[in-house]
Amino acid sequence: VSTMNAKTSSRGEEEASGTRNETLGESGCLGEAKKRRVIRVAYVIAALDLTFLFMQIGVVPYLAKSLGLDSVGFGYLQTIFGVLQLMGGYIFGRFADQFGARAALILSCVSGSIFFLLMTLSTSIPILFLSRLPGVFMHGIPGAQKVITDMTSPSQRAGALGKLGFCFGVGIIFGSVLGGVLSTKFGIYAPTYVGLVGSVINTLIATICIPSQLKPESDHHVTEHSDLFSIREILRLMKFPGVMEVFIIKVFAGLPIGLFMIMFSIISMDFFGLEAVESGYLMSYIGVLQMVVQGLVVGKLSHHCTEMTLLRLSVFVFAGVGLGMALMRTVWHYCIIAVPLVFAFSTLATITDSILTKAVPSSDTGAMLGICASVQPLTRTVGPTIGGVLYKQFGVSSFGYLQLMVNLGLFVYLWKSKIPLEEMKSQ
């Protein structure tokens, strides 16, 4: 009897152990499934945020003109927005590190809601300028990047961040089209009303669907910092191995094409001779390329190549794009050049963000993403002056020659230098 009881007890323990293992296995699967759902929610929020942003970009020039703002005043309006984004990028990242990705994403969505609310009330020039102030915390893409960074392992990060390019393409295409259609059929303020409602919905999505506590996949060491903005903290991050070198490459490799894109509205009219509708079609074409390249191609390449290889490739392709831009004469030439241009731009942005977030402690990834997000506002701030001088004095080809020389120099530097990076492919 005692032997039978022992066997029964042993069998019961084995069954219980098996049940516990199955439960743990199911729990692990649910954990991974939940992470994938959170990442998908981040993609949705980013796509909606960019759509609303591009809706107002197409409307603001006409709204400013209707209020009596001249071209010089409109330049000041754009510069103020760029400066606010530049100042707010790092602060937003530090906020994400201290209070979590969910709180940061909600802050961005709420700021967007206030931004569109003020735009709906912009019946005078002072209120229009006031509407730019919430832009200091409008960082939907860095917020989504922070969520993705916390939810992915280092080997998966490049591919996951690359898919945000698909969201960017969606924003360009649908935002530009909706902005034009709504303003034409329902009035110039219609896109701002839609943006306001959409930003409120985005806030609710972030509040309900993003967990309050996201645990980073990889953790180096956790550091506590009380200041939201500190030059000392920025310098501390730059001292990590490889960070300064990669950040400098990120800034200078994309600077010439950034200057070109800032002047693109003028170039499309004067050099290519395009009408407003044709310029819209061209932007939609760029958006489709962005969706395909960054949403599909970059992720695939990250499975087969190391990040240093992709970084060198993007810089080399950028140099070739510069030569093509120096020789282009028609809009059809630009349409051909746009394919390698979008590839190089998307690869550089994705790979450098991935490298830089892996080079710093997980407690500082938000700050690092904030610093990366400040690159484009910096270009928008100084770009109109530098780009205007280049275009007026040397023509469109000057952007191409500058692109060629800068990226050839960077490629030689990358080829000869030994930047201390963790060579890793996506699994």
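Values in this document were obtained by computation on a predicted structure and should not be read as measured data.

1. Regarding the overall build of the protein chain
- On a plain count of helices and strands, the protein chain comes out with 17 helices and 0 strands.
- Of all 427 residues assigned to the protein chain, the portion counted as buried reaches 51%.
- Of the roughly 20,200 Å² of accessible surface on the protein chain, 68% is carried by carbon and sulfur atoms.

2. Some details on the pattern of salt bridges
- One pass over the structure, following the stated rule, counts 5 salt bridges.
- Residue Lys-146 is joined to Asp-150 by a salt bridge in which the shortest nitrogen-to-oxygen separation is 3.4 Å. Residue Lys-146 and its partner Asp-150 are both found in helix α5 (residues 140-151); the two are separated by 4 residues, about one turn of the helix. As far as the burial class goes, Lys-146 and Asp-150 line up, both buried.
- The partner of Asp-353 in a salt bridge is Lys-250, and the shortest N-O contact between them spans 3.0 Å. Of this pair, Asp-353 sits in helix α14 (residues 331-359) while Lys-250 sits in helix α10 (residues 243-262), and the two are 103 residues apart along the sequence.
- Given a relative accessible area of 10%, Lys-250 falls into the buried group.

3. Looking at the packing of aromatic side chains
- In the structure shown here, the tally under the stated rule is 9 aromatic pairs.
- A centroid spacing of 4.7 Å and a plane angle of 35 degrees characterise the contact between Phe-95 and Phe-99, whose relative ring orientation is tilted. Within this pair, Phe-95 and its partner Phe-99 are both found in helix α2 (residues 71-99), separated by 4 residues, close to a single helical turn.
- Taking the centre distance of 5.3 Å and the plane angle of 85 degrees together, the rings of Phe-115 and Phe-116 count as edge-to-face. The pair Phe-115 / Phe-116 is uniform in exposure class, with both members buried.

4. Quick notes on the nonpolar core
- Counting 60 residues, the largest nonpolar core has Phe-260 and Tyr-334 as the members making the most contacts within it.
- The biggest single contributor to this core is α14, with 13 residues.
- In this structure Tyr-334 touches Phe-260, Met-261, Phe-264, Phe-272, Leu-282, Ile-286, Met-328 and Leu-341, once residues within four positions along its chain are discounted.
- Membership of the second largest hydrophobic core comes to 25 residues, among which are Val-38, Ala-42, Ala-46 and Met-151.

5. What about helix α8 (residues 190-209)?
- Spanning 20 residues, α8 covers 28 Å between terminal C-alpha atoms, matching the ideal 28 Å at 1.5 Å per step.
- Among the residues of α8, Ala-190, Pro-191, Thr-192, Gly-195, Leu-196, Gly-198, Ser-199, Asn-202, Thr-203 and Ala-206 are the ones counted as buried.

6. Description of a nonpolar patch on the surface
- Side chains of Val-288, Val-292, Leu-296 and Val-297 sit close together on the surface and give an oily, nonpolar patch of about 310 Å² of accessible area.
- Of note, Val-292 is situated in helix α12 (residues 276-304).

7. Observations concerning the environment of Gln-376
- Residue position: Gln-376 is located in helix α16 (residues 375-394).
- With a relative accessible area of 44%, Gln-376 lands in the partly exposed category.
- Separated by 125 residues in sequence, Gln-376 and Val-251 have C-alpha atoms that sit 8.7 Å apart.

8. Quick look at the environment of Val-170
- Structurally, Val-170 can be placed in helix α7 (residues 164-186).
- Sequence separation between Val-170 and Val-288 is 118 residues; the distance between their C-alpha atoms is 7.9 Å.
- The contact partners of Val-170, leaving out residues within four places of it in the chain, are Ala-47, Thr-51, Gly-175 and Met-291.

9. Brief notes about the confidence of the model for the protein chain
- Residues of the protein chain with pLDDT of at least 70 account for 86%, and the chain-wide mean is 80.
- The low-confidence segment residues 1-30 (pLDDT under 50) makes 0 contacts with residues lying over four places distant or belonging to another chain.
- Considering only residues more than four positions removed or in separate chains, one finds that residues 216-225, a stretch of pLDDT under 50, has 26 contacts.

Cut-offs and rules
Residues numbered from 1 in each chain as written. Predicted model: local features only at pLDDT ≥ 70, side-chain atom pairs only at ≥ 80, totals over all residues. Heavy atoms only, no water. Helix = DSSP H or I, 4+ residues; strand = E, 2+ residues; numbered from the N terminus. Buried < 20%, exposed > 50% of the residue type's maximum accessible area, 1.4 Å probe, protein only. Areas by Shrake-Rupley, 256 points an atom, 1.4 Å probe, with all protein chains shown as cover. Salt bridge = Lys/Arg side-chain N within 4 Å of Asp/Glu carboxyl O. Phe/Tyr/Trp six-rings, centres within 6.5 Å; stacked < 30°, edge-to-face > 60°. Core = buried A, V, L, I, M, F, W, Y, C linked by side-chain atoms within 4.5 Å. Contact = heavy atoms within 4.5 Å. Expected span 1.5 Å × (residues − 1). Patch = residues over 30% accessible without salt bridge, like charges linked within 9 Å, V, L, I, M, F, W, Y side chains within 5 Å. pLDDT = per-residue confidence, 0-100.

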